[in-house]
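# Coordinate analysis (summary)
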Amino acid sequence: MNIDSLKLKKISALWIIVILVLFIASIVLGILMRLNQGKVIEQSPLTFYTNMTTHGLTMIGIWFAAGMVAVNYLLQRYVKTSYGVNLFAFILTVIGVVMLWVTTYAGKFSTGWTFLYPLPFRDLGSESWSTPLFLISLTILGVGWLVWSVSLMAQIFKKYTLAQAFAWQHFKSNPTVETPPFILITTVTLVGVIASLIAAVIVIVLYFAEYFSHGDFVNDALLMKNLIYFFGHTIANEMLYLGLAVIYEIFGEVSDRPKWKMTWYISLAWNCAMVFILTAFFHHLYMDFVQPQALQIVGQLASYLASIPSAAVTVFSIVAAVYGVKVRWSIVNLLFFLGVAGWVIGGLGAVIDATISNNIMLHNTLWVPAHFHTYNAMGNVLFSIGFFYWFSTQYVDKLVLSKLTKYTLTLLIVGGIGFLMAFYVAGANSIPRRYSTYPVELTSGPYLAKVGALFATIYLIAILIFFYNIAKRCFVILSASSR
Amino acid sequence: MQQHSIMLFFMLLVGIGTIFFVSIFMSSLKADNDSTGVKNLLKKRFWFTLILIVVLGIFAAATLPKSPYFTYANETPSTVIHVGTMQFSFFLSTKPIDPKSPSGETIEIPHDQLVEFRVTSFDVNHGFAVYDPSMRLITQVQAMPGYVNNLRYKFTEPGEYHIFCLEFCGTGHPVMQTTFKVI
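Residues numbered from 1 in each chain as written. Chains lettered and ligands numbered in written order. Predicted model: local features only at pLDDT ≥ 70, side-chain atom pairs only at ≥ 80, totals over all residues.

### A few points about the overall build of chain A
Secondary structure assignment for chain A yields 14 helices and zero strands. Its helices and strands taken in sequence order, chain A reads α-α-α-α-α-α-α-α-α-α-α-α-α-α from the N to the C terminus. Against the 2.2 N^0.38 benchmark of 23 Å for 483 residues, chain A shows a C-alpha radius of gyration of 22 Å, consistent with a compact globule. For chain A, the spread of C-alpha atoms along the three principal axes comes to 60 × 50 × 45 Å. Within chain A, buried positions represent 58% of all 483 residues. (Helix = DSSP H or I, 4+ residues; strand = E, 2+ residues; numbered from the N terminus. Rg over C-alpha atoms; globule rule 2.2 N^0.38 Å. Buried ≥ 20, exposed ≤ 12 C-beta atoms within 10 Å, placed from the backbone.)

Here's what the structure looks like:
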């Protein structure tokens, strides 16, 4: 085996093991939160909110990294990527995550993943050093991911011109060069990732400026909120797109179906998606009535428009690849197919919430975690686990659908639907999100939290089985030699 | 009951989506080596996209005018309530509130008359969410330091209304609440 190829496999295997371990730990934190809300266990509010902050930040970080790992691995088919940068990003991610957990658990930093200005400066109960350490940990993660993203982008532009990377030549008939869909989606996604990370850098600089000015410099709360949601919303959506790039690349080959070719409408759809996704974040600020009204309307229109290229091109293509044709089903493409269904259903919940006249009754209720957990826990996570399976089984054993796999998938679906339904029903019952315990007046809150915890535990069992199967194969890859 | 209508609508969409994906999956299990799948793909894709654009366009046209920024915008409120927020209290007053020594008063709002809440924060971001006597969220706005958000509403039912904070503001977030009466 080629030494470069083996090094990439090993670092990818290491990433996968670390991501899954952190995923399991973060699910446990989520279950503890629901158990506390259900009054099954009793945690102090400070413990609950440190768990909530750790859960949110870790989940965003690991699933973004998972998408990047998969894209980096598959990009090697088209361009040469840097092993050194991949390793650099891994080391900085591990250091950043460890610092983050020290910040939350030793420093009691508990502002939630949104760390809305100026809460980190008025975070009651936390250690005074936790805010600068939190900002430093974000800086370390940001530097690692920004260098990684820019490096992958640079490698793409070494082989493809700007127009080719964005597949613009496909708007004309008979283009001389074909851009693989994987290259287009990766380019479009990296643009969004880099834009969101630059916004994060600005937020961190503004926080540090105020921290070190000792009162001479004060930030603007509305500007900070816009920047934080531009970063948070964009990166959370781009990580889904990283997963979709993987599906475009390997769904055909694992299903024994032809690989998707670039067409003018795939090119148009992904170029449009790049624009819409960068402006949809305004829907997070609907309830800030001082935000200019034009931006609120742009938020709703961009949220609606973002669904069109996704549904008309990606979902339609996957449906067309499966409908009425013989497909070689395995755990990999089943997870991809199931993930697309979860992504669509979560997207429906998101479009409902992105409608301003609905948002006034749903904003910051449990409807919000309901829809984003749908397209993450039952969408993006499945895209990545599908990739992990495909990656780990390539040279170890064959992809077969065993009985255990079918039972595990059943547990995943039952657990996932149950814990999401508890969120949706609570959202429709006006139960607020981010409450460590519920006021007595909100009677259905604790009951639904217990239901959510129970089904999330079933989901966790399925993930543990997946973890065992994937990790044991990754350890084989880690111990392989080049000879 | 608007939230429950939204939930029913969503469940209907979920049901259609589930049947759709299951039937697509089942069709592949039944297929043999000679099956060719979808014919005239580009034509079908065109119609699917067009229908999607029309449906979303109708939804946008129907819902955008109902956005809270436009409701009661041309009416003059008969009552103005100043709302100050800070970790972890609400202050409601008919007079402007001094951020250095905030204090509130018992509020009674006449029903069927337009009220304007002028909502701000003296420290971090908070939420100002109004729950009716049946504990249903009926309207809300954010409370942001340095800004005043004006929320207008016409209460039709007399009774005790709760206010909860709906933006995470620290460890006391879930206990931040108050009430007012509609008479």
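Here the narrative resumes.
### Re the sheet that holds strand E7 (residues 149-154) of chain B
Residues and elements named next belong to chain B. Read across the sheet, four strands follow the order E2-E1-E4-E7 without closing on themselves; strand pairing throughout is mixed. If you trace the sheet from one side to the other, it starts and ends with strand E2 (89-93) and E7, each paired once. Strand after strand, the sheet turns through a mean of 25° between neighbouring axes, direction not considered. Relative to E2, strand E1 (residues 79-86) runs antiparallel, the two sharing five bridges. Residue pairing across strands places Thr85 opposite Phe90, the latter belonging to E2. (Pairing = 2+ DSSP bridges. Axes fitted to C-alpha atoms, helices over the stretch in contact; angles between N-to-C directions.)

### Concerning the environment of Val298 of chain A
All names here are of chain A. With respect to the element layout, Val298 can be found in helix H9 (residues 293-322). Distance from Val298 to Ile185, taken between C-alpha atoms, is 24 Å for residues 113 residues apart in sequence. Discounting residues that sit within four places of it in the chain, Val298 has contacts with Thr279 and Phe282. (Contact = placed C-beta atoms within 7 Å.)

### So, the domain arrangement of chain B
Along its sequence, chain B is carved into domain 1 (2-26 + 40-66) and domain 2 (79-182). For domain 1 of chain B versus domain 2 of chain B, the separation of C-alpha centres amounts to 36 Å. (Domains from an automatic or database assignment.)

### Some remarks on the confidence of the model for chain B
Residue and element names in this part refer to chain B. Here chain B shows a mean pLDDT of 93. Residues at 70 or above account for 99%. In the model of chain B, helix H2 (residues 41-63) stands out as the element of lowest mean pLDDT, 91, in contrast to strand E5 (residues 126-131), which has the highest, 98. Interface scoring of the predicted complex returns ipTM 0.95; its pTM is 0.95. (pLDDT = per-residue confidence, 0-100.)

### Some details on unusual backbone geometry
Excluding glycine, a negative phi dihedral is what most residues carry, and trans is how most peptide bonds are arranged. Cis rather than trans, the peptide bond between Tyr117 of chain A and Pro118 of chain A has omega equal to 0°. Mapping Pro118 of chain A onto the fold places it in the loop between helix H3 (83-105) and helix H4 (130-159). Cis geometry is found at the peptide bond from Gln87 of chain B to Phe88 of chain B, where omega equals 0°. Tracing the chain through its elements places Phe88 of chain B in the loop between E1 and E2. Phi at Lys39 of chain A takes a positive value of approximately 65°, unusual for a residue other than glycine. Phi is positive for Ala167 of chain A, which is not a glycine, with a value near 60°. With respect to the helices and strands, Ala167 of chain A occurs in the loop between helix H5 (162-165) and helix H6 (181-213). Note on Ala167 of chain A: 28 C-beta atoms within 10 Å, which makes it buried.

### Quick look at the pairing of E1 of chain B
Within a regular strand, the side chains alternate between the two sheet faces. All names here are of chain B. For E1 and strand E4 (residues 114-121), the ladder comprises seven bridges, and the chain directions are parallel. If you follow Thr79 over to E4, its bridge partner there is Val115. Between the end of E1 and the start of E2, which pair antiparallel, lie two residues.

### Some points on the packing of helix H12 (residues 367-393) of chain A against helix H13 (residues 403-428) of chain A
Each pair of packed helices can be summarised by the angle the axes make with each other and by the distance between the axes. Residue and element names in this part refer to chain A. Close contact between H12 and H13 brings their axes to 7 Å; oriented N to C, the two are set at 160°. Here H12 is positioned roughly antiparallel relative to H13, judged by the angle of their axes. Between H12 and H13 lies a crossing of left-handed hand. Contacts between H12 and H13 involve Trp367, Pro369, Ala370, His373, Thr374, Ala377 and Met378 from the first element and Gly416, Leu420, Phe423, Tyr424, Gly427 and Ala428 from the second. Grouping the amino acids of the contact of H12 with H13 by side-chain chemistry returns nine nonpolar, four polar and no charged. (Parallel < 35°, antiparallel > 145°, perpendicular 65-115°, else oblique. Left-handed = near helix turned anticlockwise from the far one by under 90°. Nonpolar A, V, L, I, M, F, W, Y, C, P; charged D, E, K, R; others polar.)

### A short note on the interface of chain B and chain A
Chain B puts 65 residues into the contact, and the matching count from chain A is 64 residues. Contributions of two or more residues to the side of chain B that touches chain A are made by helix H1 (2-30), H2, E5, strand E6 (137-143), E7 and strand E8 (159-164) of chain B. For the side of chain B that touches chain A, the leading source of residues is H1 of chain B, giving 14 residues. In terms of residue class, the side of chain B that touches chain A is built from 33 nonpolar, 26 polar and six charged.

### Examining H1 of chain B
Taking 1.5 Å per residue, 29 residues should reach 42 Å; H1 of chain B reaches 42 Å between its end C-alpha atoms and fits that length. For H1 of chain B, every residue scored as buried is listed here: Ile6, Phe10, Phe21 and Ser28 of chain B. Those residues of H1 of chain B that are buried are in contact with H9, helix H10 (331-353), helix H11 (356-362) and H13 of chain A. (Expected span 1.5 Å × (residues − 1).)

### Examining the confidence of the model for chain A
The share of residues in chain A with pLDDT of 70 or more is 98%, and the mean pLDDT across the chain is 93. H3 of chain A holds the highest mean pLDDT among the elements of chain A, 97, whereas H9 of chain A holds the lowest, 91.

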